[in-house]
Amino acid sequence: MLKLSTLRSELPPTLRLAWPLVLAELGWMSMAIVDTMMVGRLPNSATAMGAVSLGSGIFIVLGLFGGGMLLGLDTLVSQAFGAGKREDCHRSLVNGIYLSIALTPILAAPVWLLPRLLNSVRVSPEVLEFTIPYTKALVAGLFPLLLYFAVRRCLQAMNMVRPVAFTLVTANLINAFGNWILIYGKWGVPAMGTVGSGWSTTIARTYMAAILVGYLLWYDHHHRTELLNTSVEVDLPRIRRLISLGFPAAMQTTLESGVFASVTTLIAKLGPVPLASHQIALNTVSLSYMVPLGISSAAAVRVGQALGRKDPTAAGDAGSTAIFLGAGFMTCAGIGLLVFPRWIARLFTPDEAVIHSTVGLLAAGAAFQLFDGIQTVATGALRGVGDTRTPMFCHFLAYWVIGLPLGAWLCFRLGWGAVGLWSGLSLALILIGIVLWFVWRRAVRTLSGYL
C-alpha cells in the first residue's frame, strides 16, 4: 500500500506532468462533445446525433489503432530521456513518423467498405445517409492526426507537456468556429449539416499537427538540441521495436474503442432515440475518462524515466501514486453521474424522450467509473515498464468474451434495450480494473529485479 510520505513526495511532480496532459485529453474529448451538441441543434436532431455517434465511433477505432501503434514511443523516448540520451529520443520520433506514413493508407482503406458493412447490420437508413459522408470527411485528417500523436508522445516523454495542452485548447476553438460556419452555413458558406462537422474536425486536427511540429522546430532552434542533425535513414530494428511495443497497445485501444463502436452499431438497430441517448452517455463517460487517460500518460513517462535512471523504487512509487490519483477522481465522477443525470442530458438536447433514455445509461456508466480509472492508469504505468501485452489480453477477454455477449443477451433476449448493452460493458470494466490493479502490484514487487 502507498505510504503517506510517498504520496507527499510523488503527488506534486505527478500533478505537474499530468495536468497539461489531462487538459489536452479533455480538449480532445470536448471536440467530439461540441460536434454532438452543435449537430444536435439541427432540425433532425436525433438522426444527426446518431450519424455523428456512429461515424465518429468507427473512425475512432481506426484512429486509435494508429495512435496505439505509436504508444511504444512512451517507453522508448521516456527511458532514453531518463538515461540522458536525447539523440536517441529524436531517432525514435523520426522512425515513429515513418510508421505513421505507412499506417495512413492501411487505416483509411476500410472506410470505403462502410456502406456495405452498415447495410449488412441493418443500420437505420436515415442515420446511414449522413454517416457515410461524415466519416469520409474525418478520414481526410487521418495522417495529420497520426503525425500529431507521434510528435505529442515524444514531447511529453521529454517533459514538454504544456504545448500539448495549448494545442488541444486552441484546436477546440477552431473546431467550434468551423462547426458554426460549416454546419449552419455562415458567411456565405453553404450549410453542410453533419458532414460540415466532419470537415471542421479535420481542419482542427491538421492545425494540431502543424502547431506541435512547429513548436518542436522552434525548441530545437533555441536550445540547440540537434534535432535537424538526426539521421533520417529508416531504422528497421527501431521500427520493429516500436511495433512490438505498439501493436499490443494498439490492439488494446482498438479492442476498447471497437467494443464501444460495436455497441453503437447494435444500438443503431433500436432506432434514433436510443442511439442519441447512447451518444450522450458515451460522450459523458468519455469526458470523465480523459482525466485518468492524461494521468496514465504521465504515469508511463514517470515510470519510464525512473527506469532509465535505474531507479526501480521510484518507478513503483510513481505508478502507484498515479493510479491512486486516477481512482480518486473517477470515484467523484461516478457520484456526479448518479446525482445529475437529467441535467447532463439537457446539455445535449431538449428532447424529453432522449433525456429519459439517457438517465439509465448514465447510471450504468457510474458503476464502472472507479474501475475505469484504475485500469486506465495501470495500463499507462505498465507501458512505462514495457508491458503492453497484459492489458491487451485483459481487454480482449473482459470486453469481447464476457461483456459484449452478456450485454447483447440482456439487450435483445431479455428486452433491456441499450441499458442491457451498457450493463455488459460495466461488468467488463470492473473486471479489467481489478485484474490490472493486481498485475501492477505484482510488477512493483518485481521491479527491483528488472534492471
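For the structure given in this document, a descriptive report is provided here. (Residues numbered from 1 in each chain as written. Predicted model: local features only at pLDDT ≥ 70, side-chain atom pairs only at ≥ 80, totals over all residues. Heavy atoms only, no water.)

Observations concerning the packing of helix α4 (residues 86–108) against helix α7 (residues 142–157)
Thought 1: Running from amino to carboxyl end, α4 crosses α7 at an angle of 155°, the nearest separation of the two axes being 9 Å. Between α4 and α7, the crossing angle belongs to the class labelled roughly antiparallel. Pair α4 / α7 crosses with right-handed handedness. Residues C89, L93, G96, I97, S100, I101, L103, T104, L107 and A108 of α4 form the contact with α7, whose own contacting residues are L142, F143, L146, L147, A150, V151 and C154. (Axes fitted to C-alpha atoms, helices over the stretch in contact; angles between N-to-C directions. Helix = DSSP H or I, 4+ residues; strand = E, 2+ residues; numbered from the N terminus. Parallel < 35°, antiparallel > 145°, perpendicular 65-115°, else oblique. Left-handed = near helix turned anticlockwise from the far one by under 90°. Contact = heavy atoms within 4.5 Å.)

Structural notes on the packing of aromatic side chains
Thought 1: One pass over the structure, following the stated rule, counts 9 aromatic pairs.
Thought 2: Here F260 and Y399 contribute two aromatic rings whose centre-to-centre distance is 6.3 Å and whose plane-to-plane angle is 70°, an arrangement assigned as edge-to-face. Of the two residues, F260 sits in helix α10 (residues 236–268) while Y399 sits in helix α16 (residues 389–413), which places them 139 residues apart along the sequence. When sorted by exposure, F260 lands in the same class as Y399, which is buried.
Thought 3: When the centroid spacing of 6.5 Å and the interplanar angle of 25° are considered together, the rings of F368 and W422 count as stacked. With F368 in the loop between α14 (352–367) and α15 (369–385) and W422 in helix α17 (residues 418–446), this residue pair connects regions lying 54 residues apart in the sequence.
Thought 4: The exposure class of F368 is buried, given its relative accessible area of 2%.
Thought 5: Members of the aromatic cluster, each reached through a chain of ring pairs, are F177, W180 and W187.
Thought 6: The aromatic ring of F412 is capped on one face by K269, whose charged end is 5.8 Å from the ring centroid. (Phe/Tyr/Trp six-rings, centres within 6.5 Å; stacked < 30°, edge-to-face > 60°. Buried < 20%, exposed > 50% of the residue type's maximum accessible area, 1.4 Å probe, protein only. Lys NZ or Arg CZ within 6 Å of the ring centre and 35° of its normal.)

Overview of the packing of helix α1 (residues 4–39) against helix α11 (residues 272–308)
Thought 1: Between α1 and α11, the shortest axis-to-axis distance is 7 Å and the interhelical angle comes to 150°. Of the possible angle classes, the one that applies to α1 and α11 is roughly antiparallel. The element α1 and its partner α11 pack so that their crossing is right-handed.
Thought 2: Class assignment for the residues of the contact of α1 with α11 results in 17 nonpolar, 7 polar and 3 charged. (Nonpolar A, V, L, I, M, F, W, Y, C, P; charged D, E, K, R; others polar.)

What about the nonpolar core?
Thought 1: Ranked by internal contacts, the top residues of the largest apolar core, which has 130 residues, are Y148, I295, V303, Y399, W422 and W440.
Thought 2: Those residues in contact with I295 that lie beyond four places of it in its chain are A18, V22, A322, L325, G326 and V377. (Core = buried A, V, L, I, M, F, W, Y, C linked by side-chain atoms within 4.5 Å.)

Here we look at helix α8 (residues 162–184)
Along an α-helix, residues three or four positions apart point the same way, because every turn accommodates 3.6 residues.
Thought 1: Between its first and last C-alpha, α8 extends 33 Å over 23 residues, near the 33 Å set by a 1.5 Å rise per residue.
Thought 2: After α8 finishes, the residue G185 shows a positive phi value of roughly 80°. (Expected span 1.5 Å × (residues − 1).)

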